[in-house]
Amino acid sequence: MSAPVVPVAIGPTQPAPTLLSKAVGEGGAALVDLAEARALIWAGGPGEFPQELPSSVEWVQLPAAGVEDWFTAGILARHPNVRFTSAAGAFANSVAEHALTLLLAGVRYLPEHLRAASWRQQDFFPHVGTLRGKTVTIIGAGGIGRALIPMLAPLGAHVIAVNRSGRPVTGPGIPDSVETVPADQLGKVWSRTDHVVIAAPATAATQHLVGAEELARLKPSSWVINVARGSLIDTDALVAALASGAIAGAGLDVTEPEPLPDGHPLWVLPNAIVTPHDSNPPQLRLAAFADHVAANVSRFVAGRELLAPIDPDRGY
C-alpha cells in the first residue's frame, strides 16, 4: 500500500503561482486548501498572514531570508507549536553576485569613471585598485557569504568569514585558505581587513554593528558593502566616514532609513554607491523561492530536517 500523500497549502493568492504549485508537486506533496493542510507555503507578507492556523498545520515556509518583520508582527509568537522556515540561502547567489559587483565597482573606481565627461587617466590611476592579495571580511557567513567566497577566490582575495559559532566555513568551491572568526571576536578583525561585506541577519544584537569606532579602524582604502539590512550600519557614522575620507567608499543595497529619502547625503557623496534593494529582483526571486520550496517540501514529506529553520531565540 502506498504512503498517504502529504497535503500542503499555498497562500495568500488563489490560484497559487504556477511555479509554487509545481514546486509542491515536485516535492512529492499534494496541493490542498489550508483547512486540510499539514504545511503552508506563504508567498505574501506578515500583514496578510492568518490570525489563526488550522491545528493540522505543522510547518510554515516564509518567503523571505530576513524575517525581522515577522518577529515584529508577532507571527511566530502567535503560533508557538508550528515550525517556521525562512528562505535563507534561496537567493544567495543573486545577492552575492550583487555584493561582488558593488565591491569591484568601488575598488576599480567606477563611480568616478561613470561621472567623467573627459579623459582623466592620470587623475584616476592612483585610485584604481585590485582585490588580488587583499583581505575581504564577510560578516555573516551564511548562504550569501558561502556563495560569495567562491566568487572572490579566483580574484586572489583572502577571505575572513565571520559567523556566530566560529566553526570553520567549508563547502563546494570554498578554499581551505578561508579563515573563520567567531562573531564575539569581530573586534580583532577590523584592522586586518581591506574591505568588508555585511551579510548578517538583522537582530537586536546586530543593530549598528558597524559604527564610528569600527569605521575608524578600517583603512582609508577600505570599501564597506552592505547587502544585508540597513540597520547593521550606523548611517550617520557612515556618512561622516565617507565625507572625511576615513574610508574609500561604501556600496549599499540596503539603507537606514529605507527607502532612502530624496536629498539624503548618501545620494550625493561621490564615494557612495546606492542601489534600491534590488540585489534580489522580482524576476529572479520567485524562481529561486520555488526551488527552495521544492527542496523543503521534499524534506518535509520524507521526515528530514528542513532547510533554514527559524530559531525564535536567535531571531532568525
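Here's a quick rundown of the structure. (Residues numbered from 1 in each chain as written. Predicted model: local features only at pLDDT ≥ 70, side-chain atom pairs only at ≥ 80, totals over all residues. Heavy atoms only, no water.)

### Some words on the nonpolar core
- In terms of nonpolar packing, the biggest core is built from 52 residues, with Ile41, Leu103 and Leu152 touching the most fellow members.
- Discounting chain neighbours no more than four positions away, the residues touching Leu152 are Leu100, Leu103, Leu131, Val136, Ile138, Ala157 and Val159.
- Membership of the second largest hydrophobic core comes to 31 residues, among which are Val239, Ile247, Ala272 and Val274. (Core = buried A, V, L, I, M, F, W, Y, C linked by side-chain atoms within 4.5 Å. Buried < 20%, exposed > 50% of the residue type's maximum accessible area, 1.4 Å probe, protein only. Contact = heavy atoms within 4.5 Å.)

### Considerations on helix H1 (residues 18-26)
- Where H1 is concerned, the buried positions are Leu20, Ala23 and Val24. Around the axis of H1, the buried residues are gathered within 100° of arc, so they sit on the same side. For H1, the exposed residues set more than 90 degrees away from the buried face come down to Thr18, Lys22 and Glu26.
- Residues of H1 that are buried make contact with strand S1 (6-11), strand S2 (29-31), strand S3 (39-42) and helix H11 (282-302).
- Once H1 finishes, Gly28 follows within two positions and takes phi at roughly 95°, a positive value. (Helix = DSSP H or I, 4+ residues; strand = E, 2+ residues; numbered from the N terminus. Arc of directions from axis to C-beta.)

### Thoughts on the pattern of salt bridges
- Throughout the structure, instances matching the rule amount to 7 salt bridges.
- The salt bridge involving Glu112 is made with Arg115; its shortest N-O contact spans 3.4 Å. Here Glu112 pairs with Arg115, and both are found in helix H5 (residues 110-115), just 3 residues apart, close to one helical turn.
- Given a relative accessible area of 46%, Arg115 falls into the partly exposed group.
- A salt bridge links Arg192 to Glu179; its shortest N-O distance comes to 2.9 Å. Of the two residues, Arg192 is situated in the loop between strand S8 (179-182) and strand S9 (195-198) and Glu179 in strand S8; the sequence distance between them amounts to 13 residues. (Salt bridge = Lys/Arg side-chain N within 4 Å of Asp/Glu carboxyl O.)

Note that all results are geometric; they support no functional claim without further evidence.
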